[in-house]
Amino acid sequence: NFRWSLAGMTAVVTGGTRGIGHAVVEELAELGAAVHTCSRNEVELNQRLQEWSAKGLAVTGSVCDVTSRPQRQELLEKASSIFNGKLNILINNVGTNIRKPTTEYTAEEYSKLMATNLESSYHLCQLAHPLLKASGVGSIVFISSVAGLVHIFSGSIYGATKGLLFRPTILGEEMNLVFFNFCVPSTGAMNQLAKNLACEWAKDNIRVNSVAPWYIRTSLVEHLLSDKQFLDRLASRTPMERPGEANEVSSLVAFLCLPAASYITGQTISVDGGFTVNGFP
Ligand code: NDP
């Protein structure tokens with residue numbers, strides 16, 4: 001059934017050697033797409049490429065630091081030459097974080113987070129646009145974060161790159177219950193960028209969505225999730241009482257790229273075990 005298949009499609013996934021990006025590469029390739037991925041570590045990249053080849057998955061890769069403008073250009077040129085100038089899917093997955101109070105961030109840390117999480121995705125969208133348009137059916141997915149929707153003690157710069165800062169509104173007090181509404185105002189970075197591009201590029205048949213995970217077991221947050229106190233705190237705040245797994249995010253990312261999702265664009269969808277709808281614990 002072509003609605004539930006990516007056969008014949010081409011995809012670029014940034015940061016595919018570990019974590020969520022790794023799961024996304026596998027998910028897309030298993031659904032039939034030819035995937036090109038990247039990371040900064042050549043040894044790890046080659047190892048992954050060998051594993052994928054052994055599994056019979058059509059995955060290629062090149063070394064690229066997405067914070068470098070010329071390297072981003074090279075990445076898309078490479079993908080374009082492999083895929084004959086046509087790209088169906090771009091997954092902006094690379095992202096990182098430095099956690100500290102706002103007053104302690106240095107100018108370098110600010111620039112690094114902005115370049116890694118936001119500028120790279122923005123420029124890759126610009127570079128990919130002609131290829132996505134040429135393919136006739138395009139889909140972009142940003143890996144955002146619930147930190148772009150609500151304040152989650154993960155640092156204000158990360159929150160700003162992904163979406164926006166915390167703005168709780170107390171709707172009303174009824175029967176001793178306080179309802180909190182975590183508003184999503186119409187300004188912000190990655191989630192808003194997805195909305196803008198969704199409207200601007202709809203005429204080119206390119207859909208653009210953003211996926212916002214809560215804590216997912218990956219190398220990025222291993223140090224936090226191995227801390228029992230942190231894990232207990234997370235469980236107490238999350239209705240499903242656990243962090244997520246990378247393949248619980250990649251399944252939604254893949255769905256958004258399928259022909260079956262052809263009328264879904266401009267959305268930010270959380271994968272969070274209920275975290276963002278949990279009002280007052
Ligand atoms: P990981 O750190 O586990 O994996 C990141 C991947 O990206 C690796 O393959 C890494 O390889 C690559 N990468 C990192 N920096 C660069 C760079 N500058 N250029 C090219 N490749 C790079 O991260 P996650 O899988 O956890 O995170 C993926 C995305 O999901 C991020 O955007 C993150 O913000 C978001 N997210 C993650 C959550 C979580 O709890 N894990 C929660 C919410 C959002 P290498 O280092 O070798 O370059």
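Above: the structure in question.
Report follows, based on the coordinates. (Residues numbered from 1 in each chain as written. Predicted model: local features only at pLDDT ≥ 70, side-chain atom pairs only at ≥ 80, totals over all residues. Heavy atoms only, no water.)

Every one of the 28 residues lining the ligand counts as a neighbour, but T17, N93, Y158, T218 and S219 are closest to it. Taking S219, its side chain carries an N or O atom lying 2.6 Å from an oxygen atom of the ligand. If you list the elements that add at least two residues to the shell around the ligand, you get helix 1 (19-30) and helix 5 (156-162). Looking at the shell around the ligand residue by residue, the classes come out as 12 nonpolar, 11 polar and five charged. (Near = heavy atom within 4 Å. Polar contact = N/O pair within 3.5 Å; in protein donor to acceptor, adjacent residues only side chain to side chain. Helix = DSSP H or I, 4+ residues; strand = E, 2+ residues; numbered from the N terminus. Nonpolar A, V, L, I, M, F, W, Y, C, P; charged D, E, K, R; others polar.)

Sheet strands associate in pairs through backbone hydrogen bonding, adopting either a parallel or an antiparallel arrangement. Overall, parallel pairing links the seven strands, which are arranged 3-2-1-4-5-8-9 in an open sheet. Both edges of this open sheet fall to strand 3 (59-63) and strand 9 (268-271), since each of them pairs with a single strand only. Strand-to-strand twist in this sheet, taken as the mean axis angle between neighbours without regard to direction, amounts to 20°. Relative to strand 5 (residues 138-143), strand 4 (residues 89-92) is paired through four bridges, and the arrangement is parallel. Bridge pairing in strand 5 places I91 opposite V141. (Pairing = 2+ DSSP bridges. Axes fitted to C-alpha atoms, helices over the stretch in contact; angles between N-to-C directions.)

Once that is clear, we can look at the packing of aromatic side chains. Enumeration according to the criterion identifies four aromatic pairs in this entry. Look at Y215 and F230: their rings are 5.2 Å apart centre to centre, the planes differ by 75°, and that puts the pair in the edge-to-face class. Taken together, the residues Y215 in the loop between strand 8 (206-213) and helix 7 (222-225) and F230 in helix 8 (residues 228-237) connect sequence positions 15 residues apart. Under the relative-accessibility criterion, Y215 is labelled buried at 5%. Note on F230: relative accessible area 11%, which makes it buried. (Phe/Tyr/Trp six-rings, centres within 6.5 Å; stacked < 30°, edge-to-face > 60°. Buried < 20%, exposed > 50% of the residue type's maximum accessible area, 1.4 Å probe, protein only.)

Grouped together as the largest cluster of nonpolar side chains are 33 residues, with contacts concentrated most on L28, V35 and I91. Contributing elements (two or more residues each) for this core: strand 1 (10-14), helix 1, helix 2 (42-54), strand 4, strand 5 and helix 9 (246-257). Take this core: its biggest share by element is seven residues, from helix 9. Residues within four places of I91 in sequence aside, it is in contact with V12, V13, T14, V24, L28, V141, I143, V253 and C257. (Core = buried A, V, L, I, M, F, W, Y, C linked by side-chain atoms within 4.5 Å. Contact = heavy atoms within 4.5 Å.)

Looking now at the environment of A34. Turning to its location among the elements, A34 is positioned in strand 2 (residues 34-39). Residue classification places A34 among the partly exposed positions, given a relative accessible area of 24%. It is 39 Å that separates the C-alpha atoms of A34 and R237, two residues lying 203 residues apart in sequence.

Viewed as axis vectors pointing N to C, helix 4 (residues 107-135) and helix 6 (residues 190-200) meet at an angle of 15°, and their least axial separation amounts to 11 Å. When the interaxial angle is binned, helix 4 and helix 6 end up roughly parallel. When you trace helix 4 past helix 6, the crossing you get is right-handed. In contact with N117, L118, S121, Y122 and C125 of helix 4, helix 6 contributes M190, L193 and L197. Within the contact of helix 4 with helix 6, the residues separate by chemical class into six nonpolar, two polar and no charged. (Parallel < 35°, antiparallel > 145°, perpendicular 65-115°, else oblique. Left-handed = near helix turned anticlockwise from the far one by under 90°.)

Turning next to helix 6. Here helix 6 has its buried residues at M190, N191, Q192, L193, A194, L197 and A198. Buried residues along helix 6 sit in contact with helix 4, strand 5, helix 5, strand 8 and strand 9.

What follows covers the pattern of salt bridges. Tallied over the entire structure, the rule returns 11 salt bridges. Of the charged contacts in the structure, one is a salt bridge between K203 and D204, with a shortest N-O distance of 3.3 Å. Its relative accessible area of 67% is what places K203 among the exposed residues. Of the charged contacts, one joins K228 and D232 as a salt bridge, the two residues approaching to 2.7 Å between their closest N and O atoms. Within this pair, K228 and its partner D232 are both found in helix 8, separated by four residues, close to a single helical turn. Residue D232 is classed as partly exposed on the basis of its relative accessible area, which comes to 40%. Each of the salt bridges in this network shares a partner with another, and the network as a whole consists of R18, E44, R48 and E51. (Salt bridge = Lys/Arg side-chain N within 4 Å of Asp/Glu carboxyl O.)

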